[in-house]
Amino acid sequence: MAPAHADTLLDRARELFKPIPETVGTVDGQPVTPAQVALGKQLFFDPRLSSSQVISCNNCHNIGTGGADDVPTSTGHAWQKGARNSPTVFNAVFNVAQFWDGRAKDLEEQAKGPVQNPVEMHNTPQNVEQTLASMPGYVQAFGLAFPGDKAPVSFENMAKAIQAFETTLITPDSRFDRFLKGDDKALTADERKGLQTFVDSGCAACHNGINVGGQGYFPFGLVNQPGEAVRPSADKGRFAITRTESDEYVFRAAPLRNVALTAPYFHSGQVWDLKEAVAIMGNAQLGKQLSDADVESITLFLKTLTGHQPNIAYPTLPPRSTGTPHPQ
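Residues numbered from 1 in each chain as written. Predicted model: local features only at pLDDT ≥ 70, side-chain atom pairs only at ≥ 80, totals over all residues. Heavy atoms only, no water.

Participant: Is there a simple way to explain the overall build of the chain in this structure?
Facilitator: Across its full length, the chain holds 12 helices and 4 strands. The globule rule puts the C-alpha radius of gyration for 328 residues at 20 Å, and the 21 Å found for the chain is close to it. Taken along its principal axes, the extent of the C-alpha atoms in the chain is 70 × 50 × 30 Å. Classification of the 328 residues of the chain by burial places 52% in the buried group. Taking as baseline every contact in the chain between residues at least 6 positions apart, the subset at least 24 positions apart corresponds to 70%. Accessible surface, the chain: about 15000 Å² in total, of which carbon and sulfur atoms supply 54%. Of the charged side chains in the chain, 28 are positive and 34 negative, and the gap between their average positions amounts to 2 Å. (Helix = DSSP H or I, 4+ residues; strand = E, 2+ residues; numbered from the N terminus. Rg over C-alpha atoms; globule rule 2.2 N^0.38 Å. Buried < 20%, exposed > 50% of the residue type's maximum accessible area, 1.4 Å probe, protein only. Contact = heavy atoms within 4.5 Å. Areas by Shrake-Rupley, 256 points an atom, 1.4 Å probe, with all protein chains shown as cover. Lys, Arg positive; Asp, Glu negative; His and termini not counted. Charge placed at Lys NZ, Arg CZ, Asp CG, Glu CD.)

Participant: How should the side chain of Asp247 be read in this particular structure?
Facilitator: Structurally, Asp247 is set in the loop between helix 10 (239–242) and strand 4 (250–252). It is Arg238 that comes nearest to the buried, bridge-free Asp247 among opposite-charge side chains, at 4.4 Å. A polar atom in the side chain of Asp247 sits 2.7 Å from the side chain of Thr242. The residues contacting Asp247, other than those within four sequence positions of it, are Lys236, Arg238, Phe239 and Thr242. (Salt bridge = Lys/Arg side-chain N within 4 Å of Asp/Glu carboxyl O. Polar contact = N/O pair within 3.5 Å; in protein donor to acceptor, adjacent residues only side chain to side chain.)

Participant: Just to check I follow, could you spell out the pattern of salt bridges for this structure?
Facilitator: Two side chains of opposite charge can pair, provided their charged atoms sit close to one another. A complete count under the given rule lists 12 salt bridges for this structure. Ionic pairing is found between Asp235 and Arg84, a salt bridge with its closest N-O pair at 2.8 Å. Taken together, the positions of Asp235 in the loop between strand 3 (217–219) and helix 10 and Arg84 in the loop between helix 3 (57–60) and helix 4 (107–116) put the pair 151 residues apart, joining distant regions of the chain. Salt-bridge contacts for Glu191 lead to Arg175; the nearest nitrogen and oxygen are separated by 2.7 Å. Taken together, the positions of Glu191 in helix 9 (residues 189–200) and Arg175 in helix 8 (residues 175–180) put the pair 16 residues apart, joining distant regions of the chain. Residue class for Glu191 comes out buried when judged on its relative accessible area of 9%. When salt bridges that share partners are traced, they join Arg84, Asp101, Arg103 and Asp235 into one network.

Spelled out as structure tokens, the structure:
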């Protein structure tokens, strides 16, 4: 018979975390339809949503590199650099809100932001609608995806379709998920120790839930302020949205699913090594100088959060017509 304490770690983990489901069927109570997903997939990869017609959603949220882009900050319109590191799009549907500062309540709202941002895709809703409506293939696809709409080709429906596709960008069946489901061989003894250290050290106070983070907002530098390179003083996080003094340097807790694939780390994108990121968080958020052994242990656990990556075939996009606007 197993000792009475054998399931203690699993029980604690199940209280704090949830496995990622195999599929997401609804968003905000609305069903996600195959036609919307198919349209959203085309739009996600279509650079013609940008005014230059060279930047797509996939540029900054690359399906092949963990749903992020592997650089400190993304390159946008006219080679401009963004202000923050691009968060992964994988499992983003499970976050409480989108962007580092939570300024978009869901993926639909998020999809509208980069398209209109002058540093990113530098476009307008009117030009997007004109571009999409000029291509018969898109007119047909929007009609199938939104059959009840009098004017299916719209900026709003573009965002809804992208959201629908992004609900498929989930990474279930990580070894940690299998552990949560009761597979006692899913984690090694060292990885279990890392989970125990992650919980006991206080990391799980902010990084919990289905996405092991992404569920709340916390000051970066709760106990000790990180260096200027890691937490630039000019970027005050949610303060720019709320104008509330207590929101200075407050950011959404980063979701840690697939974190081993999404370096560099933090909103500044200035830390490339996962162990270094763990050590910084221990000092900044917990006020602890984590030992090398604890850092190594937590890092081993974090690597078990890598799930099955979405297998997405690059779509064939509708051809332009003589009425399609030219790049700007």
